[in-house]
Amino acid sequence: MISLSIKRPLVTMSFLLSSLLMLLTVATPSWCQRSETTSPTASNRAPFPWNKMRLPEHITPVHYDLVIHANLTTLTFGGTTEIEITASKPTSTIVLHSHHLQISKAALRKGAGERQSEELLRVLEYPPQEQIALLAPEPLVVGLPYTIVIDYAGNLSESFHGFYKSTYRTKEGEVRILASTQFEPTAARMAFPCFDEPAFKASFSIKIRREPRHLAISNMPLVKSVTVAEGLVEDHFDVTVRMSTYLVAFIVSDFKSVSKMTKSGVKVSVYAVPDKINQADYALDAAVTLLEFYEDYFSIPYPLSKQDLAAIPDFQSGAMENWGLTTYRESSLLFDAEKSSASSKLGITMTVSHELAHQWFGNLVTMEWWNDLWLNEGFAKFMEFVSVSVTHPELKVEDYFFDKCFNAMEVDALNSSHPVSTPVENPAQIREIFDEVSYEKGACILNMLRDYLGADAFKSGIVKYLQKYSYKNTKNEDLWNSMASICPTDGTQRMDGFCSRGEHSSSSSHWRQEGLDVKTMMNTWTLQKGFPLITITVRGRNVHVKQEHYVKGPDDAPETGYLWHVPLTFITSNSDSVQRFLLKTRTDVLILPEEVEWIKFNVGMNGFYIVHYEDDGWDSLTGLLKGTHTAISSSDRASLINSAFQLVSIGKLSIEKALDLSLYLKHETEIMPVFQGLNELIPMYKLMEKRDVNEVETQFKAFLIGLLRDLIDKQTWTDEGSISERILRSQLLLLACVRKYQPCVQKAEGYFRRWQEANGNLSLPSDVTLAVFAVGAQNPEGWDFLYSKYQSSLSSTEKNQIEFALCITHNKEKLQWLLEQSFKGDTIKTQEFPNILRAIGRNPVGYPLAWQFLRENWNKLVQKFELGSNSIAYMVMGTTNQFSTRAWLEEVKEFFSSLKENGSQLRCVQQTIETIEENIRWMDKNFDKIRVWLQNEKLELL
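Residues numbered from 1 in each chain as written. Predicted model: local features only at pLDDT ≥ 70, side-chain atom pairs only at ≥ 80, totals over all residues. Heavy atoms only, no water.

J.: Please give an account of the overall build of the protein chain that cites residues and values.
T.: Of the regular secondary structure elements, the protein chain holds 28 helices and 29 strands. For the protein chain, the C-alpha atoms occupy an extent of roughly 90 × 75 × 55 Å along the three principal directions. Of all 942 residues assigned to the protein chain, the portion counted as buried reaches 65%. Of the roughly 33,000 Å² of accessible surface on the protein chain, a fraction of 48% belongs to carbon and sulfur atoms. Across the protein chain, the mean location of the 95 positive side-chain charges is 2 Å away from that of the 113 negative side-chain charges. (Helix = DSSP H or I, 4+ residues; strand = E, 2+ residues; numbered from the N terminus. Buried < 20%, exposed > 50% of the residue type's maximum accessible area, 1.4 Å probe, protein only. Areas by Shrake-Rupley, 256 points an atom, 1.4 Å probe, with all protein chains shown as cover. Lys, Arg positive; Asp, Glu negative; His and termini not counted. Charge placed at Lys NZ, Arg CZ, Asp CG, Glu CD.)

In structure tokens:
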């Protein structure tokens, strides 16, 4: 699954903007512990025979036969589930999952073949654990085949999970209904009773009943359709491969599709609502290319005969990897050649590549339990960059990878973070780990491992892992064991990186003589939270290296004592050849062949660590950036900007030195360092907006525009250039217009006036549309016109651009109206509500409205978006994590503590409280220094 709020890469302009114009910090939630009673009571007051959240292991499902009939008029569904099971010990109790289903009958068939006896089972329900118990009159015999048969009914879910209702409006204004599924992580049990844990893999035969005017699709191809009654058709789908319940999918709709075949004969189809099927071609071509890439890269053929990609009008996350039927939010899949933005093309490509990577990582090989979710998600996130850099080199995806690592570090630097592999038990806890640590940190440590081993050796290890564990479940250690013994010993197969490194330099021989213990090394990155701060002290030719846990918080916070195996890399003023050294101890010393002017560690930002340079180390690097910044790569420049400001937070570097370093940005033109500069500087004035410090806030905003003015002035108001140049243009022009830089505002006003006069039919360059709409929305008439165009637009990019522009008005009545409308979900879909709430939470006049709305509607939000979900975390952080005063802190603490088990223990709550405390400390310590620094600069840049 790819979650819209933090994991979907740059799918829309407004999403990309949220990492720039707004402080991107998203929740890493915490566990809502439920006290377990020793003897649970079923809903009929009888004792329930099982008291654990996890199912017993002695009953194993082998095969499911599902018949499901969805009625899109009454918004209900009925079904029969037949599950073939075996018992590994005698038991008369079968415990499985069921949630919000009304069970009318349960029976047990013994044996195989035609002459099976059937006996009724007593059904007990225990809603707190979403479990039912089926009680047999006598114990099941070990090893015999049994089939349980359950008849049940349910309502189509009004949320975004389970078997749920979705709607769309045709061009003619008719509202049409469809039904779709979203089962990951624990919602298959809302559609059919099942053993809803990833390790209970089974095969599935699915039959869907529908009206003749509808179309049903599922994981497998259609085998036949049978008319079972007048006006009722039953579609029979082929039997699936062995898979987990969370990957089952079916959709009943009136979608249209377009299809192509891969070289190996897999039929790839994109499904969408009829009015938008003309926007499916880009994703279809990308999916074919990416599926072919993965078959080749993994050396394992895609095991199904088809791969469908369906754009669902109502979708909570970004996309979902159901085997053979991946589902997407429309903006993550549909590309309008005339209106879609450059970032939309990039985002769609990345999202499709993520879901297709899951067909191997996650579907073919699945984590044993959700504590190792990162084996699915970290890998899929990492493979986005590996695949797209080969299949779509023009997108230059490498420009966006390290931003993911910086975002993950932001979360991982808090005490409320968690290890990549972390214990979870109940559904809310499971939902909480779909976060930056599982996805982004997971991807970044895999990238670090690939850099350490070399690309060929790394690939050989993961292919071995996939081949060994196909159709099985794995734990963290299975991956590391597959990475052991990957270097050829006979010299026949030449590999790059670790396996072929010579003994020519002191650092590489040190690296080699350590031996290759991937498991021990990687356990330090997956079994403990956080990451190391590496401190470098140069004394002549001696480089003293020290590691410690980088963690934000009060100065008197206790030391954790964590130690990592850190694959250090460095270049110097004398040599740009990368030197390598594996640091396993708290301190060590490297000896250089000669003294150097400067040394830069963590080359290319391939390591998940931050570096501090003692004495005049930072002065040397700042001098290098101001002199010839291109002497080091753009990713190295971005990582210096990031490290400098992160070091300010823990008091290792002064804010003045970090700001001095940022001055070099006046000469920067590359997207990565410019965006990283914005990611560090914009949050500073966002914190100021929450305090009454208008004069300094205004000066700081002017300083930022002055710093980038030359680059802003160079931007053309066109769609020319590479994807990176186009995304940079879009964001710079938006920043300039929102900050009221007059040359930008005047140009945008002219474009908006002409667009409005043409009744929205004038084709604007998509790269400048966001800036034009943002300026147009500043007056009431322009705002109303934009909203009228929002209602009729068929372009996801255009809708997102308008949505963002509507949210930055300073008219409080309109902001309140937007919150209410998007929450209601009639003209603005409820799936957009988290983004709208967060955008208004970033608006200098809107943030109190957003915070109030969150509090007043908390219970309804939890019902719609689920406790522990990434959407809830995104909304909590989006409305509160830029507060920077004690009064706001107390209000936040008071509200969340009042929620008790309905949210007080969420990790995102702990995280936002920690972040606000950090904001207060940071402002108290640095605000006066910034004021003086700005005066001393005398705004020379202006």
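J.: A description of the state of the cysteines should follow, citing residues and the corresponding values.
T.: All chains considered together, the criterion is met by two disulfides. For Cys405, the disulfide goes to Cys444, at an S-S distance of 2.0 Å. Judged by the sign of its S-S torsion, about -100 degrees, the bond between Cys405 and Cys444 is left-handed. With Cys405 in helix 5 (residues 398-412) and Cys444 in helix 7 (residues 436-453), this pair connects stretches of sequence that are 39 residues apart. Both residues of the pair, Cys405 and Cys444, count as buried. With its sulfur 2.2 Å from that of its partner, Cys737 forms a disulfide with Cys744. (Disulfide = S-S within 2.5 Å.)

J.: Which residues make up the packing of aromatic side chains, and what are the values?
T.: Counting across every chain of the model gives 59 aromatic pairs. Ring geometry for Phe823 versus Phe853: centroids 5.5 Å apart, planes at 90 degrees, classification edge-to-face. Placement of Phe823 in helix 22 (residues 812-824) and of Phe853 in helix 24 (residues 847-856) is noted, with a sequence separation of 30 residues between them. In terms of burial, Phe823 and Phe853 fall into one category: buried. For the cation-ring pair, Lys52 lies above Trp50, with the distance from its terminal atom to the ring centre recorded as 5.2 Å. If you follow Arg754 out to its NZ or CZ, it ends over the ring of Tyr751, 5.0 Å from the centre. (Phe/Tyr/Trp six-rings, centres within 6.5 Å; stacked < 30°, edge-to-face > 60°. Lys NZ or Arg CZ within 6 Å of the ring centre and 35° of its normal.)

J.: Quick one: what's the story with the sheet that holds strand 16 (residues 256-261), residue by residue and with numbers?
T.: What the five strands build is an open sheet, ordered 16-17-18-20-19; its pairing is mixed. Strand pairing shows two members of the sheet lacking a second neighbour, strand 16 and strand 19 (319-320), which therefore form its edges. With two bridges joining them, strand 19 and strand 20 (residues 325-329) adopt antiparallel strand pairing. By the bridge assignment for strand 20, Ala319 is matched with Tyr328. (Pairing = 2+ DSSP bridges.)

J.: Report on empty space enclosed by the protein, specifying residues and quantitative values.
T.: The final tally for this structure, using the stated rule, is eleven cavities of 30 Å³ or more. Roughly 230 Å³ of volume is contained in the second largest cavity. Along the wall of the second largest cavity there are 18 residues; nearest its centre are Met1, Glu184, Gln316, Ser317 and Ser869. The class makeup of the residues in the lining of the second largest cavity is seven nonpolar, eight polar and three charged. (1 Å grid on protein atoms, 1.4 Å probe; cavity = no way out; pocket = protein on both sides within 12 Å on 5 of 7 lines; lining within 4 Å. Points joined across faces, edges and corners; volume = space filled by probe spheres on them. Nonpolar A, V, L, I, M, F, W, Y, C, P; charged D, E, K, R; others polar.)

J.: Break down the sheet that holds strand 24 (residues 542-550) for me, citing the residues and quoting the values.
T.: Spatially, the four strands line up as an open sheet ordered 27-24-23-29, and their pairing is mixed. Where the open sheet ends on each side, the last strands, each with one partner, are strand 27 (587-591) and strand 29 (610-613). For this sheet the average axis-to-axis angle between neighbouring strands, irrespective of direction, equals 25 degrees. With five bridges connecting them, strand 24 and strand 27 associate as antiparallel partners. (Axes fitted to C-alpha atoms, helices over the stretch in contact; angles between N-to-C directions.)

J.: Outline the nonpolar core, supporting the account with residue identities and numerical values.
T.: Ranked by size, the top nonpolar core spans 313 residues in total, and within it Phe192, Phe195 and Trp858 carry the most contacts. For this core, the leading source of residues is helix 2 (residues 281-298), giving twelve residues. If sequence neighbours within four positions are ignored, Trp858 has contacts with Leu867, Ile872, Val876, Phe895, Phe896, Leu899, Asn902, Gly903 and Leu906. Counting residues in each nonpolar core, the second largest holds six residues, with Leu734, Val738, Ala774 and Ile808 among its members. (Core = buried A, V, L, I, M, F, W, Y, C linked by side-chain atoms within 4.5 Å. Contact = heavy atoms within 4.5 Å.)

J.: For the packing of helix 23 (residues 833-841) against helix 24, give the residues involved together with the corresponding values.
T.: With their axes 7 Å apart at the nearest point, helix 23 and helix 24 run at an angle of 135 degrees to one another. Judged by the angle between their axes, helix 23 and helix 24 are oblique. Across the interface between the two elements, Phe833, Leu837, Ile840 and Gly841 of helix 23 pack against Tyr847, Ala850, Phe853 and Leu854 of helix 24. Its residues assigned to classes, the contact of helix 23 with helix 24 shows seven nonpolar, one polar and no charged. (Parallel < 35°, antiparallel > 145°, perpendicular 65-115°, else oblique.)

J.: Describe the pattern of salt bridges, listing the residues and the values that go with them.
T.: Counted by the stated rule, this structure contains 44 salt bridges. Where Arg213 meets Glu211, a salt bridge forms, and the shortest distance between an N and an O atom there is 2.8 Å. For Glu211, a relative accessible area of 28% corresponds to the partly exposed category. A salt bridge links Asp285 to Lys260; its shortest N-O distance comes to 2.5 Å. Remark: Lys260 occurs in strand 16 and Asp285 occurs in helix 2; sequence separation between them is 25 residues. Three or more residues are tied together by salt bridges with common partners; here these are Glu82, Lys105, Arg109 and Glu118. (Salt bridge = Lys/Arg side-chain N within 4 Å of Asp/Glu carboxyl O.)

J.: Tell me about a positive patch on the surface, and please be specific about residues and values.
T.: Together, Arg242, Lys464, Lys468 and Lys472 give the surface a local cluster of positive charge. Residue placement: Arg242 occurs in the loop between strand 14 (232-237) and strand 15 (250-253). (Patch = residues over 30% accessible without salt bridge, like charges linked within 9 Å, V, L, I, M, F, W, Y side chains within 5 Å.)

J.: Can you break down the environment of Ala46 residue by residue, with the values?
T.: Among the secondary structure elements, Ala46 is positioned in the loop between helix 1 (13-18) and strand 1 (59-71). Between the C-alpha atom of Ala46 and that of Leu124, which follows or precedes it by 78 residues, the distance is 7.7 Å. Residues within four places of Ala46 in sequence aside, it is in contact with Pro40, Thr41, Arg122 and Leu124.

J.: Explain unusual backbone geometry to me, and be specific about the residues and the numbers.
T.: Going from Glu184 to Pro185, the amide bond is cis rather than trans, its omega being 0 degrees. By the secondary structure assignment, Pro185 is in the loop between strand 10 (175-182) and strand 11 (203-210). You will see that Tyr471, though not glycine, has its phi angle at about 65 degrees, which is positive. For Tyr471, the location among the structural elements is in the loop between helix 8 (455-468) and strand 22 (472-474).

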